[in-house]
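Descriptive analysis of the structure
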Amino acid sequence: KQEVTQIPAALSVPEGENLVLNCSFTDSAIYNLQWFRQDPGKGLTSLLLIQSSQREQTSGRLNASLDKSSGRSTLYIAASQPGDSATYLCAVRGGYQKVTFGIGTKLQVIP
Amino acid sequence: DAGVTQSPTHLIKTRGQQVTLRCSPKSGHDTVSWYQQALGQGPQFIFQYYEEEERQRGNFPDRFSGHQFPNYSSELNVNALLLGDSALYLCASSLALGNTEAFFGQGTRLTVV
């Protein structure tokens, strides 16, 4: 059974700081990994998708890496802004397209 | 291009009642998955529909059922509602072929009283 863990559970940083969110998964037989952002009470917004054959993906100030063999992914946010405050979720897609989520990291960027 | 749309956005039901939630996938997508997200938790996979059939199912009781229509839209039905069914219900659409990105709707907030 796939299990996804995200560390830390919560993070508070001053504006402008670079930060790293971590995601680990127990079964390395995945097809892809996706990072999402969720604002309070809202749905999920896709940030980055990394296929199992890829090592990293970048979009603007966001960079996500994937080390499938060790079951780890990181989301790097450069020059954080108050608008980045949200919960960040990691999800892995395994066999039969089943997707397993972590609980998320709640990020607060302080102006 | 409309993304994934869900209706209604909010719903209040009484324990024991039945509820139906609806989802229209992103244009061009043929697969719909449903998730339940309790407060402070990550989304939990309920089931997935493709070609009008349930293809995969998570660890949810038979009170949870669904349907997919020929236009790929989908419904989630929950019978005999329990207080513990209160959650945000999320719908995601994707393509069956290839490891494509999943797109989520804004969710339906269900409160059971």
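Residues numbered from 1 in each chain as written. Chains lettered and ligands numbered in written order. Predicted model: local features only at pLDDT ≥ 70, side-chain atom pairs only at ≥ 80, totals over all residues. Heavy atoms only, no water.

A few words now on the environment of Ala-64 of chain A. Residues and elements named next belong to chain A. Counting through the fold element by element, Ala-64 comes out in strand β7 (residues 62-67). Once the C-alpha coordinates of Ala-64 and Thr-45 are considered, the two residues, 19 residues apart in sequence, prove to be 15 Å apart. Residues in contact with Ala-64, not counting those within four places in the same chain, are Trp-35, Leu-48, Ile-50, Arg-55, Glu-56, Gln-57, Thr-74 and Leu-75. (Helix = DSSP H or I, 4+ residues; strand = E, 2+ residues; numbered from the N terminus. Contact = heavy atoms within 4.5 Å.)

Listed per partner, the contact involves 22 residues of chain B and 21 residues of chain A. Both sides of the chain B and chain A interface together cover about 1800 Å² of buried area, and 47% of this is carbon and sulfur. At the junction of chain B with chain A, the criterion picks out 0 salt bridges. Where chain B meets chain A, there are 4 residue pairs in polar contact (both at pLDDT 80 or more). Secondary structure elements with two or more residues in the side of chain B that touches chain A: β4 (31-37), β5 (44-50) and β9 (87-94) of chain B. With 3 residues, the top contributor of residues to the side of chain B that touches chain A is β9 of chain B. Per-class residue counts for the side of chain B that touches chain A are 9 nonpolar, 11 polar and 2 charged. (Buried area = accessible area lost by both parts, 1.4 Å probe. Salt bridge = Lys/Arg side-chain N within 4 Å of Asp/Glu carboxyl O. Polar contact = N/O pair within 3.5 Å; in protein donor to acceptor, adjacent residues only side chain to side chain. Nonpolar A, V, L, I, M, F, W, Y, C, P; charged D, E, K, R; others polar.)

Let us now look at the nonpolar core. If you look at the biggest cluster of nonpolar residues, it comprises 23 residues, and the most contacted ones within it are Phe-25, Leu-33, Trp-35, Leu-75, Ile-77, Tyr-88 and Leu-107 of chain A. Elements with a contribution of two residues or more to this core: β3 (19-25), β4 (32-38), β5 (44-51), β7, β8 (72-77), β9 (86-93) and β11 (105-110) of chain A. The next biggest cluster of nonpolar side chains, apart from the first, holds 20 residues, and it includes Val-32, Ala-87, Cys-91 and Leu-110 of chain B. (Core = buried A, V, L, I, M, F, W, Y, C linked by side-chain atoms within 4.5 Å. Buried < 20%, exposed > 50% of the residue type's maximum accessible area, 1.4 Å probe, protein only.)

The full count for this structure, using the stated rule, is 2 disulfides over all chains. Between the sulfur of Cys-23 of chain A and that of Cys-90 of chain A lies a disulfide, 2.0 Å long from S to S. Handedness of the Cys-23 of chain A-Cys-90 of chain A disulfide follows from its S-S torsion of about -55 degrees: it is left-handed. Within this pair, whereas Cys-23 of chain A is found in strand β3, its partner Cys-90 of chain A is found in strand β9, the two being separated by 67 residues in sequence. Here Cys-23 of chain A matches Cys-90 of chain A in class, with each residue buried. Covalent S-S linkage joins Cys-23 of chain B and Cys-91 of chain B, the inter-sulfur distance amounting to 1.8 Å. The chirality of the disulfide connecting Cys-23 of chain B with Cys-91 of chain B is left-handed, given an S-S dihedral of about -60 degrees. (Disulfide = S-S within 2.5 Å.)

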